[in-house]
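# Chain and residue survey
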Amino acid sequence: PYELNTIAELDTLPIGTEVNFRGRIHTQRQLSKALDFLLLRDQTYSIQGVLSRENMEMVQWVQKLPAESLLQINGVLKAPPEPVRSATVSNVEIDIHGLWLVNPAQSAPFSVYRPPEAMRNRMSSRILDLRHPANQALFRIRSMVARQFRDTLEKEGFLEIQTPKLQPAATESGASVFKVNYFGRKAFLAQSPQLAKQMSVSADFGRVYEIGPVFRAENSNTHRHLTEYTGLDIEMAIEHDYHEVIAVLDIFLKNVFKTVYEMPEVEVLKKRWPSSEFKYLDETLILDFRDGLQMLRDDGREAPEEDLSTSDEIRLGELVREKYNTDYYVLDRFPTNARPFYTHKDPEDPRWTRSFDIFIRGQEICSGGQRIHDAAELRANMAAAGIAEEGMEEYMAGFDLGAPPHAGAGLGLERIVTWMLELGDVRNASLFYRDPKSLPD
Ligand code: ATP
Ligand code: AMO
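Residues numbered from 1 in each chain as written. Chains lettered and ligands numbered in written order. Predicted model: local features only at pLDDT ≥ 70, side-chain atom pairs only at ≥ 80, totals over all residues.

The name recorded for the protein chain in an unreviewed UniProt entry is Probable aspartate--tRNA ligase, cytoplasmic, from Hypocrea virens. Looking at the Sequence similarities (unreviewed entry) heading of the UniProt record, one finds this comment for the protein chain: "Belongs to the class-II aminoacyl-tRNA synthetase family. Type 2 subfamily." UniProt's Subcellular location (unreviewed entry) comment on the protein chain is quoted here verbatim: "Cytoplasm". (UniProt positions renumbered as here; feature names shortened; annotations may be inferred.)

Written as structure tokens, this is what we have:
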């Protein structure tokens, strides 16, 4: 049985209880002639510890320990002189009777609560940075988003799969793929589970999902591009329409909005990253791409038909919020030349596709759509796009064997968390991020 409490648990115990717990030295100072004061921290919570100067030997010993050193503490809970009003500091104090050093820390490059402003300086000591209560909260929220994805899809009859990340061909665009030396042969790190998830539907698994790493060799030093991110992917045989995929994603995302905003961690996070109220509608807005273009043009923008620029996307997000009062919407029926070779065209007008993006606060978090399932049509499309069948033989076999009509989508986990909670940069939502400047020379 575990005998140690977390600091959060101490709050729930009666005053006078003798407790044992572990905590790091956050700060220490002399409170009065008679008392020393230690702020002890674990995960999202801190507690004020009081050391009597009657035990001068212990006081002198603890004063020499650097901040961040890990201690085990024995003591008795007592009421604070004044009530504590903080989401991250315990409502009780502790009279320290015994202290043991579990593991000392070397001097830390910064205080956990005062990280450097510059992202790279802060991230250069990421472990220390992650000890900040807001980061402890953030990664619990991120975990909740992944859990909601799994729970929702399991309820909707999807099968969890793990697809190979070593691939024989690129899928999204040849320019942004990491090449790997595979025993002298050429291989690529998967830019998306696109081929394998479609092959799983060809193999009659019906509805599949994956939570896994996605690699993009994009030399994009933006706030929304990582070279390795966590993809939340689904693929499913459809009965009537690719909007069946949108319906599933809508259940998932609404489960996320509901559960995350009920988490106490959101308040802790907001102290470091303030965010405005997140608005969404009971009946999600599905805006036709052409209507979106019209809204931008009415706003005085050029908005060419080919695709939206990032600034158009952000402006459209603002216009949608003003007009429809929502921070979450689907932009549907993208132009053909903005989408990959596997995208199903609108049979009535091949300049447009049966595909969509999902936006949160004007930022893209998801792309998806119906796929071509007719082998001849797919071959013609690949030829037109200059994509060789070489390396795609296994994928093509699925179509030759009669793939069911299907559709799917991919979401970026870091982007969902970042835009929902206004963290400003996807690096914040990645545990140990990879971008074009990561990894030593
Ligand atoms: P998707 O891969 O689903 O299309 P994405 O969000 O990764 O979405 P990109 O296709 O890479 O976006 O690019 C979309 C927009 O981002 C484009 O309008 C492009 O101008 C802009 N963009 C891409 N890379 C950069 C960059 N390094 N700096 C500034 N803008 C960029
Ligand atoms: P797409 O290329 O749009 O589509 O990627 C899907 C989603 O992944 C996220 N994303 C990223 N997140 C962080 N860093 C990046 N560099 C990055 N690039 C993309 C975004 C994006 O919406 N195969 C299709 C999906 C499908 O149709 O099923 C695909 O990969 O949130």
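## Considering the packing of helix H5 (residues 133–155) against helix H13 (residues 413–420)
Helices that pack against each other are described as a pair by the angle of their axes relative to one another and the distance between those axes. Orientation of H5 relative to H13, taken along the N-to-C sense of each, is 125 degrees, at an axis distance of 10 Å. Regarding the angle of H5 to H13, the classification is oblique. Relative to H13, H5 is oriented so that their crossing is right-handed. Along the contact surface, H5 presents Ile141, Arg142, Val145 and Ala146, while H13 presents Leu413, Ile416 and Val417. (Axes fitted to C-alpha atoms, helices over the stretch in contact; angles between N-to-C directions. Helix = DSSP H or I, 4+ residues; strand = E, 2+ residues; numbered from the N terminus. Parallel < 35°, antiparallel > 145°, perpendicular 65-115°, else oblique. Left-handed = near helix turned anticlockwise from the far one by under 90°. Contact = placed C-beta atoms within 7 Å.)

## Let's talk about helix H6 (residues 194–202)
Within H6, nine of the nine residues are buried, leaving the element largely enclosed by the surrounding structure. Among the residues of H6, Gln194, Leu195, Ala196, Lys197, Gln198, Met199, Ser200, Val201 and Ser202 are the ones counted as buried. Where H6 is buried, its residues touch strand E10 (207–215), strand E11 (228–237), helix H12 (393–400) and strand E16 (406–412). Directly after H6, the chain includes Asp204, whose backbone phi takes a positive value near 70 degrees. (Buried ≥ 20, exposed ≤ 12 C-beta atoms within 10 Å, placed from the backbone.)

## So, the site of ligand 1
In the region of ligand 1, the neighbouring residues are Ser220, Asn221, Thr222, Arg224, Ser309, Thr310, Glu364 and Ser367. Residue composition of the shell around ligand 1, by class: no nonpolar, six polar and two charged. (Near = placed C-beta within 6 Å. Nonpolar A, V, L, I, M, F, W, Y, C, P; charged D, E, K, R; others polar.)

## A word on the sheet that holds strand E3 (residues 45–52)
Pairing within the closed barrel is mixed, and its five strands lie in the order E1-E2-E3-E5-E4. Along the sheet, successive strands turn relative to each other by an average axial angle of 55 degrees, direction set aside. Here E3 pairs with strand E5 (residues 89–103) via four bridges, running parallel. Of the residues in E5, the one forming a bridge with Gly49 is Ile94. Strands in contact with helix H2 (residues 56–63) are strand E1 (18–30), strand E2 (35–42), E3 and E5; relative to E3, the strand with the most contacts, it is inclined by about 140 degrees. (Pairing = 2+ DSSP bridges.)

## Comments concerning the site of ligand 2
In the vicinity of ligand 2, 24 residues are found, and the nearest of them are Ser192, Tyr229, Ser367, Gly410 and Gly412. Elements with a contribution of two residues or more to the shell around ligand 2: E11, strand E15 (363–370), E16 and H13. The dominant element in the shell around ligand 2, judged by the number of residues it contributes, is E15, at six residues. Partitioned by chemical class, the residues of the shell around ligand 2 number seven nonpolar, ten polar and seven charged.

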